[in-house]
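Descriptive structure summary
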Amino acid sequence: MNNIEKNLLKQVADIEKTPMGAYNIRENGKGVARNTTANIDIVTKKDKPGIDIIIKPNTKNESVHIPVILTEGGLNDLVYNDFYIGENADVVIVAGCGIHNSTCDTAQHDGIHTFHLEKGAKIKYIEKHYGEGEGTGERILNPQTIINLGENASMEMESVQIKGVTSTIRETYANMQKGSSLVISERIMTTGKQTAKTIFDVNLDGEDSSVHVASRSVAEDDSVQEFISNVKGNTKCFGHVECDAIIMENGRVISDPKIEANNVDASLIHEAAIGKIAGEQLIKLMTLGLTEKEAEEQIINGFLK
Amino acid sequence: MLELQDICFSRDNKDILKNVNLKIDNEKMVVITGPNGSGKSTLAKIIMGIETPDSGKIIFDGKDITELSITERAKEGIGFAFQQPVRFKGLTVKDLIEISAGNSLKLCDACDVLADVGLCAQEYLNREVNSELSGGELKRIEIAMLAAKKSKLTIFDEPEAGIDLWSFNNLISVFEKMHDDIKGSIVIISHQERILNIADEIVLITNGTVGKHGPREEVLPQIFGKIKPCHKLENKERCNKGGTVNE
Ligand SMILES: Nc1ncnc2c1ncn2[C@@H]1O[C@H](COP(=O)(O)OP(=O)(O)OP(=O)(O)O)[C@@H](O)[C@H]1O
Ligand SMILES: [Mg+2]
């Protein structure tokens, strides 16, 4: 594996050596490495590109890494990954895609991830997106996440787009049964002429289900971001959506939140704030000896941490 | 030593500071007091470089710093604890204390400055300095940041505001400890008699001018009509006994 590949894997999956536990590494549209464990099976799909990840009931303290890297331009990689998480399993899943494009052709990866969590299953899902490369070719990532949470299942999703992605449309759909809980935290940074669009569509169908979405983003230069969310409370449930954005230079952010209470016991909250870095924050850090530029960096880094 | 020469500052046709002349000697604990709206915070902001005076000069350690930026003044050794501390989404107490100390801070030193202001490091170091913190907690963190910065001259703008009575003496110990450790000057803007009682010197600002400036023994009776010199001793003793905030 060369240095470019190593760096991409480190950026998106924090992998420096061979990961522990189950993994599947996909490079330029092909699986290049795989490991399964007694409790976690990974099976290549027969009808379309992608894999099934099958996790046995009661599997605990195990992890699955399924990073995707693209190091060639002119590639449009579409992949379907399905996760079947058995009853009361409790695992960590790390996905993510890194693109290194040094050509003038577009490199694109569209990952469609569907999660099926059985009763009482619990996962932490980490997904990082990253782009780099000196070429003028675009780096496009359009992830789709479809979440089906069974009774009392819970999922924590951390979605981070670090930098270097020319355009992205990120869609997340969730259907939630009785007592299930979903916590999503999203961090996005766009620069130059990049665009990013995020869509969250959550159906709170089960009694006492709850969702918490926290999105923090920074739009620099001439980049544009759009945040769309629609949380439907169809029973006694709780939903909280928080969208915070910092805009710099000519950056633009459009926030389009929607909450829909279809039951008198649904409790839904939406908070959104967009603005530039508060002047008093810069001043405070400058009184501690930072230059304006350094103060800006600290504030942005902290905000996106 | 800090010297303000003929500082004038007006905004919206209102003279906020009028020909302010003031000297703050090294190693002095100076308390600035005066009515609401008299211009105390404005004066502090002018010293820090946050506001620019319309005329006048600021000399710090023999150097004219009138034209220096906030950052440059901070590096020269001026520190300022805000009357209303700023909240940051994302930055933690640890981040801010590290930035204050210039990133060269050991974890145990960070714990020490927090303990001095009565905050348990374990509980607070990794907390975000956001709207979840109470006003008093925020004030304490602000003071801890300045204790970590160790400036030659530190200005505290109403540090006691929002700090509960129980912790008041410990707050005073923090100032005295800083004063002893750093051997710098400490300027405290305050309305509190108990803070006035620990001053070497008192400056009274009224209507944008220095109304009175002199040793505490002289100025305090003119403000309150009586003097209570024993307070300072009491606090010194408490400090020497190593009293903690939650005693
Ligand atoms: N940039 C500004 N523009 C207009 N007015 C200002 C500005 N800065 C300060 N002022 C006014 O100057 C006066 C002095 O304000 P300052 O905050 O210095 O008072 P203070 O003595 O610190 O009062 P307090 O005891 O209430 O904190 C006030 O009337 C305030 O409204
Ligand atoms: Mg004030």
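Anything mentioned here points back to the structure above.
Here is a short report on the structure shown in this document. (Residues numbered from 1 in each chain as written. Chains lettered and ligands numbered in written order. Predicted model: local features only at pLDDT ≥ 70, side-chain atom pairs only at ≥ 80, totals over all residues. Heavy atoms only, no water.)

This paragraph deals with the overall build of chain A. Within chain A, the secondary structure is distributed over three helices and 21 strands. Taken along its principal axes, the extent of the C-alpha atoms in chain A is 55 × 55 × 35 Å. Per-residue burial over chain A gives 53% buried out of 305 residues. Relative to all contacts within chain A whose residues are 6 or more apart in sequence, the contacts with residues 24 or more apart total 81%. Working note: accessible area of chain A is about 12,900 Å², and carbon and sulfur atoms make up 47% of it. Positive and negative side-chain charges in chain A, numbering 31 and 45 respectively, have mean positions lying 3 Å apart. (Helix = DSSP H or I, 4+ residues; strand = E, 2+ residues; numbered from the N terminus. Buried < 20%, exposed > 50% of the residue type's maximum accessible area, 1.4 Å probe, protein only. Contact = heavy atoms within 4.5 Å. Areas by Shrake-Rupley, 256 points an atom, 1.4 Å probe, with all protein chains shown as cover. Lys, Arg positive; Asp, Glu negative; His and termini not counted. Charge placed at Lys NZ, Arg CZ, Asp CG, Glu CD.)

This part takes up the coordination of the magnesium ion (ligand 2). All names here are of chain B. Around the magnesium ion (ligand 2), the protein contributes the donor atoms Ser41 (OG) and Gln83 (OE1), at 2.0 to 2.3 Å from the metal centre. On the criterion of sequence distance, the pair formed by serine 41 in helix 1 (residues 40-48) and glutamine 83 in the loop between strand 6 (78-81) and helix 3 (93-101) is long-range, its members being 42 residues apart. On the basis of relative accessibility, which here comes to 18%, the residue serine 41 falls in the buried class. (Donors = N, O, S within 2.8 Å, 3.2 Å for Na, K, Ca; no water.)

We now examine the site of ligand 1. Residues and elements named next belong to chain B. Taken together, 16 residues lie around ligand 1, and Lys14, Gly37, Lys40, Ser41 and Thr42 are the ones closest in. Within the contact set of ligand 1, an oxygen atom lies 3.0 Å away from a backbone nitrogen or oxygen of glycine 39. Measuring from an oxygen atom of ligand 1, one finds a side-chain N or O atom of glutamine 83 at 3.1 Å. Of all the secondary-structure elements, those providing two or more residues to the shell around ligand 1 are strand 2 (14-24) and helix 1. The element that contributes the greatest number of residues to the shell around ligand 1 is helix 1, accounting for three residues. Looking at the shell around ligand 1 residue by residue, the class counts come to two nonpolar, eight polar and six charged. (Near = heavy atom within 4 Å. Polar contact = N/O pair within 3.5 Å; in protein donor to acceptor, adjacent residues only side chain to side chain. Nonpolar A, V, L, I, M, F, W, Y, C, P; charged D, E, K, R; others polar.)

All told, the structure shown has six aromatic pairs over all chains when counted by the stated rule. Taking the centre distance of 5.1 Å and the plane angle of 45° together, the rings of B:Phe80 and B:Phe82 count as tilted. B:Phe80 sits in the buried class, given a relative accessible area of 2%. Among the aromatic residues, those joined into a cluster by ring pairs are A:Phe83, A:Phe115 and A:Tyr125. It is A:Lys48 that lies over the ring of A:Tyr80; its NZ or CZ is 4.4 Å from the centre. Against the face of B:Phe82 rests A:Lys284, its NZ or CZ located 4.1 Å from the ring centre. (Phe/Tyr/Trp six-rings, centres within 6.5 Å; stacked < 30°, edge-to-face > 60°. Lys NZ or Arg CZ within 6 Å of the ring centre and 35° of its normal.)

Residues and elements named next belong to chain B. The strand order 6-7-8-3-9-10 describes an open sheet built from six strands, whose pairing is mixed. Each edge of the sheet is formed by a strand with only one pairing partner; in this case those strands are strand 6 and strand 10 (209-215). Taken over all neighbouring pairs, the strand axes of this sheet differ in orientation by 15° on average, direction set aside. Strand direction decides the pairing type here: strand 7 (residues 153-157) and strand 8 (residues 185-189), joined by five bridges, are parallel. (Pairing = 2+ DSSP bridges. Axes fitted to C-alpha atoms, helices over the stretch in contact; angles between N-to-C directions.)

Residues and elements named next belong to chain A. Pairing of strand 1 (residues 22-27) with strand 2 (residues 30-35) involves five bridges; the strand directions are antiparallel. Counted as the bridge partner of arginine 26 is glycine 31 from strand 2. Between the antiparallel neighbours strand 1 and strand 2 lie two residues, among them asparagine 28 with a positive phi of about 45°.

Glancing now at the pattern of salt bridges. Per the counting criterion, the structure on display carries 24 salt bridges over all chains. We note a salt bridge from A:Asp222 to A:Lys193, for which the minimum N-O separation is 3.8 Å. A residue pair is termed long-range when its members are at least 10 positions apart, and A:Asp222 in the loop between strand 17 (209-219) and strand 18 (224-233) and A:Lys193 in the loop between strand 15 (181-190) and strand 16 (195-204) qualify at 29 residues. The shortest N-O distance in the salt bridge between B:Lys28 and B:Asp25 comes to 3.9 Å. The partly exposed category is assigned to B:Lys28, whose relative accessible area is 26%. Accessibility expressed as a relative area gives 30% for B:Asp25, which makes it partly exposed. Taken together, the shared-partner salt bridges connect A:Lys45, A:Asp52 and A:Asp82 into one network. (Salt bridge = Lys/Arg side-chain N within 4 Å of Asp/Glu carboxyl O.)

Taken together, the buried positions of helix 2 (residues 279-287) of chain A are occupied by A:Gln281, A:Leu282, A:Lys284, A:Leu285, A:Met286 and A:Thr287. Each element contacted by the buried residues of helix 2 of chain A is listed here: helix 3 (292-304) of chain A together with helix 1, helix 2 (70-76), strand 6, helix 3 and helix 6 (135-149) of chain B. Among the residues trailing helix 2 of chain A, A:Gly289 stands out with phi positive, at a value near 105°.

What follows is about unusual backbone geometry. Residues and elements named next belong to chain B. Within the chain, lysine 150 stands out as a residue other than glycine whose phi angle is a positive 50°. Among the structural elements, lysine 150 can be located in the loop between helix 6 and strand 7. Given a relative accessible area of 54%, lysine 150 falls into the exposed group. Phi at asparagine 207 takes a positive value of approximately 55°, unusual for a residue other than glycine.

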